[in-house]
Amino acid sequence: MMQKSPKIFRLVLILSLTALLTSVALNVLLFIAARHYYLLLNKTTLDPLGWDYYTGNSQPANLTNEATKKVVFFGDSRAENWTFPSEIKGFSPVNRGVSGQTSTQVLGRFEKQVLPLRPQIIIVQVGINDLKAIPLFPDRQTTIIANCKANIQEIVKRSRSLGATVILTTIIPAGEIPLERKPFWSSDIDRAVVEINSYISSLQAPNVIILDSYSLLEQKQKNNYYRDSLHLNDRGYEILNKELTKMLIKLK
């Protein structure tokens, strides 16, 4: 028994140190996440609609060529990170996505940041920032979903009023949820995404094309196509751009 005591002691020590290091690492991750959202909250307070994200209303120089069709990416960070497929010619793309925005904020920017551009095509990706709030406000789930639907419908309505073709994308599915985010995530978000996407699909109409990004990415290996729980990497956008390219060619 005396010979086993040092081994037991070492084992207990190793387990204790492992637990301590795990706890420290988790607290660091939680601190980083808390700091990120604290900064985002204060930034949103200073500029609720993100009007200063893209300064000025004048058209970028590459949108002045009448021989090309003007394309605007509009929405949240998923729209902001979406790069136009470079192999397609005859289009002048500009990005008006803003990181962290809900559908209410995106809609609020339409008149100032999209209308002056007078685009022929508007690509819309929005909704996840509404739905990820559901675990924080479970009693408001029905309202959050209803407002998201109404805002998306209004974005489509205003886009069509410009005479633009709308490429309305379903909400991109979430990637792997990391440990530090799991306390703020729930299956209710995933179910709400499916519900909103069904509604988005119902909005298909003349000059409203549905790009089903959810179906394109749902069965993909998340580690290969996502850079974090909410955002795609370049390979993920390649999947979307293959489908987008087919749609744009038909609109030339």
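A quick note: this is a predicted structure, and the numbers were derived from the prediction, not measured.

Quick notes on the rules
Residues numbered from 1 in each chain as written. Predicted model: local features only at pLDDT ≥ 70, side-chain atom pairs only at ≥ 80, totals over all residues. Heavy atoms only, no water. Core = buried A, V, L, I, M, F, W, Y, C linked by side-chain atoms within 4.5 Å. Buried < 20%, exposed > 50% of the residue type's maximum accessible area, 1.4 Å probe, protein only. Helix = DSSP H or I, 4+ residues; strand = E, 2+ residues; numbered from the N terminus. Contact = heavy atoms within 4.5 Å. Phe/Tyr/Trp six-rings, centres within 6.5 Å; stacked < 30°, edge-to-face > 60°. Lys NZ or Arg CZ within 6 Å of the ring centre and 35° of its normal.

Visitor: Got a minute to help me understand the nonpolar core in this structure?
Guide: Within soluble globular proteins, side chains that are nonpolar generally end up buried alongside one another. Counting 40 residues, the largest nonpolar core has F74, I122, L131, I152, L168 and I196 as its most contacted members. For this core, the secondary structure elements donating two or more residues are β1 (69–75), α3 (103–113), β3 (121–125), α4 (128–131), α5 (141–161), β4 (165–169), α6 (187–202) and β5 (208–211). Those residues in contact with I196 that sit more than four places away from it in its chain are L131, I145, C148, K149, I152 and I171. Formed by 22 residues, the second largest nonpolar core is a distinct cluster that contains I121, L211, L217 and L240.

Visitor: Even after reading the chapter, I still don't get the packing of aromatic side chains, so can you show me in this structure?
Guide: The geometry of an aromatic ring pair is captured by the separation of the ring centres together with the interplanar angle, meaning the angle of the planes. The final tally for this structure, using the stated rule, is six aromatic pairs. Relative to F84, the ring of F73 has its centre 6.4 Å away and its plane inclined at 70°; by these criteria the two rings are edge-to-face. A residue pair is termed long-range when its members are at least 10 positions apart, and F73 in strand β1 and F84 in the loop between α2 (77–80) and β2 (91–97) qualify at 11 residues. The exposure class of F84 is buried, given its relative accessible area of 11%. With 5.8 Å between their ring centres and 45° between their planes, W82 and Y237 make a pair best called tilted. A residue pair is termed long-range when its members are at least 10 positions apart, and W82 in the loop between α2 and β2 and Y237 in helix α9 (residues 234–251) qualify at 155 residues. Grouping residues by exposure puts W82 and Y237 together as buried. Taken together, the ring pairs connect F73, W82, F84, F91 and Y237 into an aromatic cluster. Sitting above the plane of the F137 ring, R140 keeps its charged end 5.6 Å from the centroid. One residue, K222, lies across the ring of Y226, its end atom 5.6 Å from the ring centre.

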